[in-house]
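Residue strings, one per chain:
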Amino acid sequence: MKILVAVKRVVDYNVKVRVKADKTGVELANIKMSMNPFDEIAVEEAVRLKEAGKATEIVAVSMGPQAAQETLRTALAMGADRAVLVQTDVDLQPLAVAKLFKAVVDKEQPQLVILGKQAIDDDSSQTGQMLAALLGWSQATFASKVVIENDSCTVTREVDGGLETITLKMPSIVTTDLRLNEPRYASLPNIMKAKKKPLDTMTPDALGVDVAPRLITLKVEEPPKRQGGVKVQDVPALIDKLRNEAKVIP
Ligand code: AMP
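I will try to describe carefully the structure that is included in this document.

Reading guide: rules and limits
Residues numbered from 1 in each chain as written. Predicted model: local features only at pLDDT ≥ 70, side-chain atom pairs only at ≥ 80, totals over all residues. Heavy atoms only, no water. Helix = DSSP H or I, 4+ residues; strand = E, 2+ residues; numbered from the N terminus. Buried < 20%, exposed > 50% of the residue type's maximum accessible area, 1.4 Å probe, protein only. Contact = heavy atoms within 4.5 Å. Areas by Shrake-Rupley, 256 points an atom, 1.4 Å probe, with all protein chains shown as cover. Lys, Arg positive; Asp, Glu negative; His and termini not counted. Charge placed at Lys NZ, Arg CZ, Asp CG, Glu CD. Axes fitted to C-alpha atoms, helices over the stretch in contact; angles between N-to-C directions. Parallel < 35°, antiparallel > 145°, perpendicular 65-115°, else oblique. Left-handed = near helix turned anticlockwise from the far one by under 90°. Nonpolar A, V, L, I, M, F, W, Y, C, P; charged D, E, K, R; others polar. Near = heavy atom within 4 Å. Polar contact = N/O pair within 3.5 Å; in protein donor to acceptor, adjacent residues only side chain to side chain.

## Some words on the overall build of the protein chain
Link 1 in the chain: Helix and strand content of the protein chain: six helices and 11 strands.
Link 2 in the chain: For the protein chain, the spread of C-alpha atoms along the principal axes amounts to about 65 × 45 × 40 Å.
Link 3 in the chain: Classification of the 250 residues of the protein chain by burial places 40% in the buried group.
Link 4 in the chain: Summarising the internal contacts of the protein chain: among those between residues at least 6 apart in sequence, 70% fall at separations of at least 24.
Link 5 in the chain: Within the structure as shown, the protein chain displays about 14500 Å² of accessible surface, and the carbon and sulfur contribution to it stands at 52%.
Link 6 in the chain: The averaged location of the 33 negative side-chain charges in the protein chain is 2 Å from the averaged location of its 34 positive side-chain charges.

In structure tokens:
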């Protein structure tokens, strides 16, 4: 079984993002970039499936600028066998990414595609669902457990009311949630070995995909600063504030 796994290069989760002075987006110059955390979980799950003898090949795929090669090398160091970069400097939106993925899936013919449940830069949580729709494949989003048996895939999903378990007929799309696994760190020898693994580069044009943005960002602003809190003397004072200032109780 071949697995395709999505890895997006995003602003590192430890970075405190700042809005650009002209409000067109967030500051990206000289900012630490890393693999989207949910995609690390996706790579880890694919590697575990290969280690368990359920998968034979893992292909890591990223769409974005040339620097995304670095992120793909991390996926290779974690255990992916080869990588594909669809290189473009266009600011990609989920629909464009899903269309590019569909083109790569058509070429690679995997049985399973694992993506993150959301990218921590745009927080869209759309790409996996759109890809499943474009391919007409079964999908299980927000996975906290994945079990592969022959040509079916049983997934436990994190839903609002608790956990839901569904069985999909493969080929399928799975998106990862936080509790699926704890991703490994790439060891130094594996980082060295990853430099020699194959990394193919292609363009949206070569795949016949129009990646022009469909949405326009009007402006990006910082959230309003939080007001400082106050300590109240006693419960009646608290109730008074909740009723008369915050107006959250009758
Ligand atoms: P989103 O729909 O933008 O929240 O992204 C959901 C998931 O889709 C991410 O966790 C990635 O697995 C995948 N994805 C989104 N954009 C890209 C990209 N440019 N390259 C590779 N994977 C991506």
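## With respect to the packing of helix α3 (residues 94-108) against helix α4 (residues 127-135)
The geometry of a pair of packed helices is captured by two quantities: the angle between their axes and the separation between those axes.
Link 1 in the chain: Contact geometry of α3 with α4 gives a least axis separation of 9 Å together with a crossing angle of 50 degrees. Taken as axis vectors, α3 and α4 run oblique relative to one another. Pair α3 / α4 crosses with right-handed handedness. Contacts between α3 and α4 involve Pro94, Leu95, Val97, Ala98, Lys99, Phe101, Lys102, Val105 and Asp106 on the former and, on the latter, Thr127, Met130, Leu131, Leu134 and Leu135.
Link 2 in the chain: For the contact of α3 with α4, a count of residues per class yields 10 nonpolar, one polar and three charged.

## So, the site of the ligand
Link 1 in the chain: By nearness alone, 19 residues border the ligand, and Asp39, Met63, Ala119, Ser125 and Thr127 come closest of all.
Link 2 in the chain: Within the backbone of Ser124, a nitrogen or oxygen atom sits 3.3 Å from an oxygen atom of the ligand.
Link 3 in the chain: Note that an oxygen atom of the ligand is positioned 2.8 Å from one of the backbone N or O atoms of Gln126.
Link 4 in the chain: Expressed as a share of its isolated accessible area of 480 Å², the protein-covered part of the ligand is 99%.
Link 5 in the chain: Secondary-structure elements contributing two or more residues to the shell around the ligand are β4 (57-64), α3 and β6 (112-116).
Link 6 in the chain: In terms of residue count, the dominant contributor to the shell around the ligand is β4 (three residues).

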